[in-house]
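Geometric and topological summary
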Amino acid sequence: QFPFGRRLPCDIYWHGVSFHDSNIFSGQVNKFPGMTETVRKITLSRAMRTMRDLFPLEYNFYPRSWILPEELPLFVAEVRTMKDSNPSWKPTFIVKPDGGCQGDGIYLIKDPSDIRLTGSIQSRPAVVQEYICKPLLVDKLKFDIRLYVLLKSLEPLEIYIAKDGLSRFCTEPYQEPTLKNLHQVFMHLTNYSLNIHSGNFIHSASANTGSKRTFSSILCRLSSRGADVKKLWSDIISLVIKTIIALTPELKVYYQSDIPAGKPGPTCFQILGFDILLMKDLKPVLLEVNANPSMRIEHEQELSPGVFENVPSPVDEKVKVAVIRDTLRLMDPQKKKRKDTQLRCQGQDGLSSGPSQAEVSPWQDGLSSGPSQLTLCVLCRRCQSPEQAPGAGEEPPDAAPSPEAALPSLCLKQVFPKYARHFSYLRLVDRVAALFIRFLGVKGTTKLGPTGFRTFIRNCKLSNSNFSMAAVDILYIDITRRWNSMGIDHKESGMCLQAFVEAFFCLAQKKYKALPLHKQVLSLLELCECRLAALHGKRLVWGCG
């Protein structure tokens, strides 16, 4: 461990909280720049809303949300309108502080006029969402699912999902919300950090019982009742991929800011915790995404008043150890070195051979790949010059038995790009973000200045007699000023990505009025990309001339 950072090169840096070390120039880091900010409740809700505007049916797995305090009048008005149109509608809402975690500050309300709502949001921004009143119950208890997702790469996008997860239970039998039981957190909130303090919390060594169980045990139970577990898994995979697609545009802006293209820098990966609730009809609903899911495999047990000891948690150990172990196997820094060595040897011999055992997909036939020489060097790098490296097929004299040989098959299943063809059409905002990054100008920034915005309009030939450059400036000023007034990152001035996306949608709606929004955006994207490609071609010709 290096509490104050480390300047010497490493193969893998495993940071505790965030990507924060500016001295990393190589290797792999287990955090993406900006991930913590991107999955905060407000930013996530904005990203999901943007995607729902484009694709309403595909993004109906996230509860309807309002951002406070700025959308409080809108929240009040929309709830009033819905109640007027449907007098039998008796909603419940859940208020979640933007920066809260482990259930901190979460509470339920029945009406927007609740005094706690208006009294606390001025100093602590929050998201208010429709509360899921009819969740799936097991043993009369509400529960949620914590699934572990590995984002292995942003470009190209690679996503893996753990085959098993955790089911975290409330500790009081569930009843639909009423004014009398709204404040019973052990009935309504599934957070482990809250329910651990309940006298009804059960620590169990079994995966099938207790207040924390494996998700696979729940699936077995559902399957025995005739539920379509395969469809449920398919819906969960779809939810995860769509959520990551919604998050990647913002992540790419942070990434290019911290690790500019063309400069030395590390590659990144990250384990995310997806919190999912199942409804009675087994439809999965996304609750939130955790950038730093707990990887503890023990819990505190009070031996006597004020005296605690750490006790192993078999359920946590079964799920979490496999996730970290197999993340390291997938990120193995020795794979590329072995591949480069093989290519060097093939080049020297003038021969080519088929893929080695280590390169065969570990998911082929559902089996893990055979033994291979894997060495996970997490906190140091053993450097070998090509002259010192052992020859092809040789093992160094002190080589230990292959660690891969004794390991079980991977618990992480690739879902993207494996299923890319089913979801690639959703990546419109990704393409908008690529335009945004292209015109940022100064490397290391996350905000687009007025000159960059004008250059974007000019190069894409979007101004005309009906939309002058003066109108372009007004559009930039109005949208940027409004987004900056929301308290979005004031460290640098200019237009943030969300503001640029709004401006782009506005331009698309002006130009293609008769089309639905996603086709408007797609049409403008294709026009911009085509004109920029033509401009690039002309510059190449001019350069040659």
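Residues numbered from 1 in each chain as written. Predicted model: local features only at pLDDT ≥ 70, side-chain atom pairs only at ≥ 80, totals over all residues. Heavy atoms only, no water.

On to the overall build of the protein. Scanning the protein from N- to C-terminus turns up 16 helices and 17 strands. When the 545 residues of the protein are sorted by exposure, 47% land in the buried category. Excluding contacts between residues fewer than 6 apart, the proportion of contacts in the protein whose partners are at least 24 apart in sequence is 67%. (Helix = DSSP H or I, 4+ residues; strand = E, 2+ residues; numbered from the N terminus. Buried < 20%, exposed > 50% of the residue type's maximum accessible area, 1.4 Å probe, protein only. Contact = heavy atoms within 4.5 Å.)

Our focus in this paragraph is the confidence of the model for the protein. Counting all residues, the mean pLDDT for the protein is 83, and 81% of those residues have values of 70 or more. Taken element by element, the protein is modelled with least confidence in helix α4 (residues 115-120), mean pLDDT 58, and with most confidence in strand β9 (residues 158-162), mean pLDDT 98. Here residues 349-397 is modelled with pLDDT under 50, and outside its nearest four sequence neighbours on either side it reaches 73 contacts, counting other chains as well. (pLDDT = per-residue confidence, 0-100.)

This next bit is on the packing of helix α13 (residues 450-459) against helix α15 (residues 497-511). Their axes nearest at 13 Å, the elements α13 and α15 cross at an angle of 30 degrees. When the axis of α13 is compared with that of α15, the two are roughly parallel. The two elements α13 and α15 cross, and the hand of that crossing is right-handed. Counted together, F453, F456 and I457 of α13 and F500, A503, F504 and L507 of α15 form the full contact between these two elements. (Axes fitted to C-alpha atoms, helices over the stretch in contact; angles between N-to-C directions. Parallel < 35°, antiparallel > 145°, perpendicular 65-115°, else oblique. Left-handed = near helix turned anticlockwise from the far one by under 90°.)

This next bit is on the pairing of strand β4 (residues 93-97). In regular strands, side chains alternate between the two faces of the sheet. Of all the five residues making up β4, five are buried; the element is thus mostly covered by neighbouring parts of the structure. Residues F93, V95 and P97 point to one face of β4 and I94 and K96 to the other, with burial holding for every one of them. In this structure, β4 lies alongside strand β5 (residues 107-109), joined through three bridges in antiparallel fashion. Across the sheet, F93 pairs through a bridge with I109, a residue of β5. In this structure, β4 lies alongside strand β6 (residues 126-130), joined through five bridges in antiparallel fashion. Pairing of P97 across the sheet is with A126, part of β6. (Pairing = 2+ DSSP bridges.)

Time to look at the nonpolar core. Among the nonpolar cores identified, the biggest contains 101 residues, and F274, F453, F456, F500, F504 and V521 are the most heavily contacted of them. With 14 residues, helix α8 (residues 229-258) is the largest single contributor of residues to this core. Setting aside anything within four residues of it in sequence, one finds F500 in contact with V432, L435, F436, L448, F453, F456 and M495. (Core = buried A, V, L, I, M, F, W, Y, C linked by side-chain atoms within 4.5 Å.)

Overall, parallel pairing links the three strands, which are arranged β1-β2-β12 in an open sheet. Edge strands, defined here as strands with exactly one partner in the open sheet, are β1 (12-13) and β12 (267-268).

Once that is clear, we can look at the state of the cysteines. With the rule as written, the count across this model stands at zero disulfides. Here C460 stays free of any disulfide, with the sulfur of C528 as its closest cysteine sulfur at 3.7 Å. (Disulfide = S-S within 2.5 Å.)

Now for helix α14 (residues 469-485). Between its first and last C-alpha atoms α14 spans 24 Å; for 17 residues at 1.5 Å apiece the expected length is 24 Å, and the two agree. Among the residues of α14, those classed as buried are V472, L475, Y476, I479, T480 and W483. With its buried residues spanning 110 degrees around the axis, α14 presents them on a single face. In this structure, α14 carries I474, R481 and S485 as exposed residues pointing more than 90 degrees from its buried face. Buried residues along α14 sit in contact with α2 (41-54), α13 and α15. (Expected span 1.5 Å × (residues − 1). Arc of directions from axis to C-beta.)

Compared with the 20 Å implied by 1.5 Å per residue over 14 residues, the 20 Å span of α2 between its first and last C-alpha is a close match. By the criterion of burial, α2 is predominantly enclosed, with 10 of the 14 residues buried. Looking at α2, one finds that the buried residues are K41, I42, T43, L44, S45, R46, A47, M48, M51 and L54.

A separate point is the pattern of salt bridges. Note that side chains of opposite charge can pair when their charged atoms are close. Taken as a whole and assessed by the stated rule, the structure comprises 25 salt bridges. The residue D275 makes a salt bridge to R146 at a minimum N-O spacing of 2.6 Å. Of this pair, D275 sits in strand β13 (residues 270-278) while R146 sits in strand β8 (residues 141-153), and the two are 129 residues apart along the sequence. The pair D275 / R146 is uniform in exposure class, with both members buried. Here E158 ties to K152 by a salt bridge, and the two come within 3.8 Å at their closest N and O atoms. We classify E158 as buried; its relative accessible area is 16%. What makes K152 buried here is its relative accessible area of 18%. (Salt bridge = Lys/Arg side-chain N within 4 Å of Asp/Glu carboxyl O.)

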